[in-house]
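What follows is each chain in one-letter form.
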Amino acid sequence: MKNQCVLTLFLMCCLSGFSQVSFGVKAGVNFTKITLEDDPNDFRFSDDDGTGFHFGAFAGLDLNSSFGLQTEALYSREGIKDQYADYINIPVFLKWYPVAPVHLGVGPQIGFLANTELIKGQYENVAFGALINLGADIADFTVSARYVIGLSNVLDREYQLGTPPNINPFTIEGKENNFQLSLGYTF
């Protein structure tokens with residue numbers, strides 16, 4: 001995890017040589033839903049969606065008046081109800097400004113598990129996603145609504161149903177989708 005943070009800070013510093021580079025901080029709220037791939041015997045992991053938070057830093061590079069790139073390093077609490085996982089998420093996305101100050105963005109995201117309330121090994125250590133971002137830059141502030149689509153399983157739990165000698169083991173795997181609302185400040 002330290003290597004990923006160092007790499008992100010290195011990239012942010014490398015970008016600082018360009019005059020169109022901006023840096024900032026952001027924070028917001030997450031709304032998480034885990035979609036199970038297999039649901040044997042109608043077993044439910046949880047009926048509740050989760051609410052969490054995120055905060056971190058970002059660096060943006062304006063390529064021209066219509067396009068830009070942005071990368072972020074975010075600490076993000078995700079999961080459902082009291083069954084959470086904290087990730088260090090690194091999204092990188094292309095921004096398109098159809099009408100200033102509004103921007104649309106798309107790109108990949110990688111997340112590294114930092115902490116979990118569950119037993120170690122029940123959440124995957126690395127999560128991959130794709131994001132769609134809608135935002136607006138107003139003076140030094142930026143607001144955004146983002147949807148992150150889980151591309152890899154984040155949940156990997158093994159269970160057993162039945163009583164001896166009729167025990168049926170099974171694994172529940174799930175992908176996590178997040179809706180995020182953020183407020184940021186650009187330096």
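Below you will find a few notes about this structure. Nothing here was measured: the structure is a model prediction, and the numbers come from that model.

A short note on the overall build of the chain
Check the secondary structure of the chain and you find one helix and nine strands. Overall, the chain shows an N-to-C arrangement of helices and strands of α-β-β-β-β-β-β-β-β-β. For the chain, the residues scored as buried account for 39% of the 187 residues in total. A separation of at least 24 residues holds for 60% of the contacts in the chain among residues at least 6 apart in sequence.

Details of the pairing of strand E2 (residues 50–62)
Looking at chain direction, strand E1 (residues 21–36) and E2 are connected through twelve bridges and run antiparallel. Following the sheet pairing, Ser22 is matched in E2 by Gly60. Across nine bridges, the pairing between E2 and strand E3 (residues 67–80) is antiparallel. Note on E3: the bridge partner recorded for Ala57 is Ala73.

Overview of empty space enclosed by the protein
A water-sized probe, rolled over the atoms, reveals where empty space remains. Tallied over the full model, the rule gives two cavities of 30 Å³ or more. Counted as a void, the largest cavity has a volume near 110 Å³. The wall of the largest cavity is formed by 14 residues, among which Glu78, Gln109, Ala127, Phe128 and Val148 lie closest to the centre. Sorting the residues of the lining of the largest cavity by element identifies strand E4 (83–99), strand E5 (102–116), strand E6 (126–138), strand E7 (141–150) and strand E9 (168–186) as the ones contributing at least two each. Tallied by class, residues from the lining of the largest cavity come to six nonpolar, six polar and two charged. There is about 70 Å³ of room inside the second largest cavity.

Quick word on the layout of surface pockets
Within this model, the largest pocket holds a volume of roughly 220 Å³. Lining the largest pocket are 17 residues, and of these Ser22, Lys95, Tyr97, Asp137 and Thr186 lie nearest its centre. Listing elements by their share of the lining of the largest pocket, those giving two or more residues are E2, E3, E4 and E7. It is E2 that provides the largest number of residues to the lining of the largest pocket, a total of four residues. Here the residues of the lining of the largest pocket are counted per class, giving six nonpolar, seven polar and four charged.

Quick look at the environment of Leu104
With respect to the helices and strands, Leu104 occurs in strand E5. On a C-alpha basis, the gap between Leu104 and Leu94 in space is 8.2 Å, while along the polypeptide they are ten residues apart. When near neighbours in sequence (up to four residues on either side) are disregarded, Leu104 contacts Leu94, Lys95, Trp96, Pro98, Asn133 and Leu134.

Focus on a nonpolar patch on the surface
Together, Phe31, Val106, Val126, Phe128, Ile132, Tyr147, Ile149, Leu151, Phe179 and Leu181 line one region of the surface with nonpolar side chains, adding up to about 840 Å² of accessible area. Elements that contribute at least two residues to the nonpolar patch include exactly E6, E7 and E9. When residues of the nonpolar patch are assigned to their parent elements, the largest contribution, three residues, is made by E6. Looking at the element boundaries, Ile132 is found in strand E6. Under the relative-accessibility criterion, Ile132 is labelled partly exposed at 48%.

What counts, and where the lines are drawn
- Every residue gets a number counted from 1 within its own chain, in the order that chain's sequence is written.
- Side-chain atom pairs in this predicted model are given and counted only at pLDDT of 80 or more, local residue features only at pLDDT of at least 70, and totals for whole chains, interfaces and linings cover all residues.
- Derived side-chain values reflect all non-hydrogen atoms in the structure, with water molecules and hydrogen atoms excluded from consideration.
- Strands are runs of DSSP state E lasting at least 2 residues, helices are runs of H or I lasting at least 4, and numbering of each runs from the N terminus.
- The buried label applies to any residue whose accessible area, calculated with a 1.4 Å probe on protein chains only, is under 20% of its type's maximum; exposed applies above 50%, and partly exposed to all values in between.
- Whether two residues touch is decided by their heavy atoms; if any such pair falls within 4.5 Å, the residues are in contact.
- DSSP calls a pair of strands paired once it identifies at least 2 bridges connecting them.
- For each structure, a 1 Å grid was placed over the protein atoms alone; sets of points admitting a 1.4 Å probe that cannot get out are labelled cavities, open sets with protein on both sides within 12 Å along at least five of seven lines are labelled pockets, and lining residues have an atom within 4 Å of a point.
- Grid points are joined across faces, edges and corners, and a volume is the space filled by probe spheres set on the points.
- Residue type decides the class: Asp, Glu, Lys and Arg count as charged, Ala, Val, Leu, Ile, Met, Phe, Trp, Tyr, Cys and Pro as nonpolar, and the leftover types, Gly among them, as polar.
- Patches here are clusters of residues that have more than 30% relative accessible area and form no salt bridge, with a 9 Å joining cutoff for like charges and a 5 Å cutoff for nonpolar side chains (Val, Leu, Ile, Met, Phe, Trp, Tyr).
- Only the protein chains shown count as cover for residues, and all accessible areas are computed by the Shrake-Rupley method using a 1.4 Å probe.
- Salt bridges are counted wherever a side-chain nitrogen of Lys or Arg sits within 4 Å of a carboxyl oxygen of Asp or Glu.

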